[in-house]
Amino acid sequence: MVRKIRIDDAKYIAAICESTLNHKTSIKIIEERIEELVNNSNYFIAVYDDGKASAFIQAEEYTLLYGEKGWNIISLAVSEESQNKGYGKALIIALENHCLNNGGSFIRLNSRIERENAHGFYAHLGYKCDKTQKRFIKYLK
């Protein structure tokens, strides 16, 4: 079932981040972010709970000065043992409903070029690749 994220999900989210997304993190950082963001209406953060948090999605409101409001998927990941069970799809549908119920007209996301399975998943759900980009970043710490 899809539900709002809780602090006790942090250990599962950390494991999913490391194994599925190749992002090193810590349970403490995830707990801090959950506390900071869980009640912020500009964020949608949910898990798929099958006895534990086996998948998660984080999206943020994407408000443009020059266009319609939408939502930006920051991350969507499913634990390796839970893939191909419909958990990711359930999380996407929950976000789509949230978007529609909160005045949004689109959902966008970026996906690394090498994540071809993810690209197929998004295409299967009706998402289209509408441009290619280069990402620029400057670390300040």
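A few points on the structure. (Residues numbered from 1 in each chain as written. Predicted model: local features only at pLDDT ≥ 70, side-chain atom pairs only at ≥ 80, totals over all residues. Heavy atoms only, no water.)

Thoughts on the layout of surface pockets
(1) Moving on: Looking at the largest pocket, its volume works out to about 2100 Å³.
(2) Moving on: Around the largest pocket, the lining comprises 45 residues; the ones closest to its centre are Ile73, Ile74, Leu109, Asn110 and Ser111.
(3) Moving on: Breaking the lining of the largest pocket down by element, the ones donating at least two residues are helix 1 (10-20), helix 2 (27-37), strand 3 (53-62), strand 4 (70-78), strand 5 (107-109) and helix 4 (116-124).
(4) Moving on: Lining of the second largest pocket is provided by 17 residues; of these, Val78, Gln83, Asn117, Ala118 and Phe121 occupy positions nearest its centre. (1 Å grid on protein atoms, 1.4 Å probe; cavity = no way out; pocket = protein on both sides within 12 Å on 5 of 7 lines; lining within 4 Å. Points joined across faces, edges and corners; volume = space filled by probe spheres on them. Helix = DSSP H or I, 4+ residues; strand = E, 2+ residues; numbered from the N terminus.)

What to know about the pairing of strand 3
(1) Moving on: Across the ten residues that make up strand 3, a large majority, seven, are buried.
(2) Moving on: Taken together, strand 2 (residues 43-49) and the strand that follows it, strand 3, pair antiparallel across an intervening segment of three residues, in which glycine 51 is found at a positive phi of about 110°. (Buried < 20%, exposed > 50% of the residue type's maximum accessible area, 1.4 Å probe, protein only. Pairing = 2+ DSSP bridges.)

A few points about unusual backbone geometry
(1) Moving on: In the Ramachandran plot, asparagine 22 falls in the positive-phi region, its phi being about 60° despite a non-glycine side chain.
(2) Moving on: In this fold, asparagine 22 is placed in the loop between helix 1 and helix 2.
(3) Moving on: Overall, asparagine 22 belongs to the exposed group, its relative accessible area being 60%.

Let's talk about helix 2
(1) Moving on: Among the residues of helix 2, those classed as buried are Ile30, Ile34 and Leu37. The arc that holds every buried residue of helix 2, seen down its axis, measures 85°, which confines them to one face. Of the exposed residues in helix 2, those oriented more than 90 degrees away from the buried face are Lys28, Glu35 and Glu36. (Arc of directions from axis to C-beta.)

Things to note about the pattern of salt bridges
(1) Moving on: One pass over the structure, following the stated rule, counts nine salt bridges.
(2) Moving on: Arginine 3 serves as the salt-bridge partner of aspartate 49, at 2.8 Å between the closest nitrogen and oxygen. Residue aspartate 49 is found in strand 2, and its partner arginine 3 is found in strand 1 (residues 2-4); the two are separated by 46 residues along the sequence.
(3) Moving on: Note on arginine 3: relative accessible area 12%, which makes it buried.
(4) Moving on: We note a salt bridge from lysine 28 to glutamate 32, for which the minimum N-O separation is 2.9 Å. Of this pair, lysine 28 and glutamate 32 both sit in helix 2, four residues apart, which is roughly one turn of the helix.
(5) Moving on: For lysine 28, a relative accessible area of 54% gives the class exposed.
(6) Moving on: For glutamate 32, a relative accessible area of 34% puts it in the partly exposed group.
(7) Moving on: Beyond isolated ion pairs, a larger network of salt bridges with shared partners links Arg3, Asp9 and Asp49. (Salt bridge = Lys/Arg side-chain N within 4 Å of Asp/Glu carboxyl O.)

Regarding the environment of tyrosine 12
(1) Moving on: Locating tyrosine 12 in the fold gives a position in helix 1.
(2) Moving on: Residue classification places tyrosine 12 among the partly exposed positions, given a relative accessible area of 28%.
(3) Moving on: When near neighbours in sequence (up to four residues on either side) are disregarded, tyrosine 12 contacts Lys52 and Ala53. (Contact = heavy atoms within 4.5 Å.)

Remarks on the sheet that holds strand 2
(1) Moving on: Overall, mixed pairing links the five strands, which are arranged 1-2-3-4-5 in an open sheet. Taken across any chain shown, the strands that pair with only one partner, and hence form the sheet edges, are strand 1 and strand 5. Here the average twist between neighbouring strands, direction ignored, is 35°.
(2) Moving on: Here strand 3 pairs with strand 4 via eight bridges, running antiparallel. Bridge assignment links alanine 59 to a residue of strand 4, and that residue is isoleucine 73.
(3) Moving on: Packing of helix 1 onto the sheet brings it into contact with strand 2, strand 3 and strand 4, and relative to strand 3 it is tilted by some 85°. (Axes fitted to C-alpha atoms, helices over the stretch in contact; angles between N-to-C directions.)

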